[in-house]
Amino acid sequence: MPDKKCISCGAALTADDIGCHKKLVCRGDSEYMCVPCLAKHFGTTESKLRSLIEEYRAYGCVLFPPKE
């Protein structure tokens, strides 16, 4: 995953970035946007998306594995 970059800004992606893109945009994508770029794309805040990520994680969504 360290070699994955955001298709919008070029930032290095985390597992949460990729999971959020897959959950909100398309599971089948092979290129992804980071959470800040997704927030801009959807007209929301980064903190709102991070809150959604934690909700999905709490529900057991496989796109967001438990934090170590």
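Residues numbered from 1 in each chain as written. Predicted model: local features only at pLDDT ≥ 70, side-chain atom pairs only at ≥ 80, totals over all residues. Heavy atoms only, no water.

A. Representation of the environment of G19 within the structure. Mapped onto the secondary structure, G19 falls in helix 1 (residues 15–24). Taking the C-alpha atoms as reference points, G19 and I53, separated by 34 residues in sequence, lie 8.3 Å from one another. With residues near it in sequence (within four places) discarded, G19 still touches L63 and F64. (Helix = DSSP H or I, 4+ residues; strand = E, 2+ residues; numbered from the N terminus. Contact = heavy atoms within 4.5 Å.)

B. How the structure looks around helix 1. Looking only at helix 1, the buried set comprises D16, D17, I18, G19, C20 and H21. Packing partners of the buried residues in helix 1 comprise helix 2 (35–42) and helix 3 (46–58). (Buried < 20%, exposed > 50% of the residue type's maximum accessible area, 1.4 Å probe, protein only.)

C. Summary view of the side chain of H21. By the element assignment, H21 lies in helix 1. Not counting chain neighbours up to four residues away, the residues in contact with H21 comprise C26, D29, E31, Y32, M33 and L38.

D. Local environment of the packing of aromatic side chains. Taken as a whole and judged by the stated rule, the model has one aromatic pair. The ring centre of Y56 lies 4.6 Å from the NZ or CZ of K23, which sits over that ring. (Phe/Tyr/Trp six-rings, centres within 6.5 Å; stacked < 30°, edge-to-face > 60°. Lys NZ or Arg CZ within 6 Å of the ring centre and 35° of its normal.)

E. Representation of the pattern of salt bridges within the structure. The final tally for this structure, using the stated rule, is four salt bridges. A salt bridge links E54 to R57; the nearest nitrogen and oxygen atoms lie 2.6 Å apart. Here E54 and its partner R57 are both found in helix 3, three residues apart, which amounts to about one turn of the helix. The exposure class of E54 is partly exposed, given its relative accessible area of 36%. Residue class for R57 comes out buried when judged on its relative accessible area of 13%. With a shortest N-O distance of 3.8 Å, E54 and K67 are connected by a salt bridge. Residue E54 is found in helix 3, and its partner K67 is found in the segment after helix 3; the two are separated by 13 residues along the sequence. The exposed category is assigned to K67, whose relative accessible area is 58%. Connected through shared salt-bridge partners, D16, E54, R57 and K67 make up one network. (Salt bridge = Lys/Arg side-chain N within 4 Å of Asp/Glu carboxyl O.)

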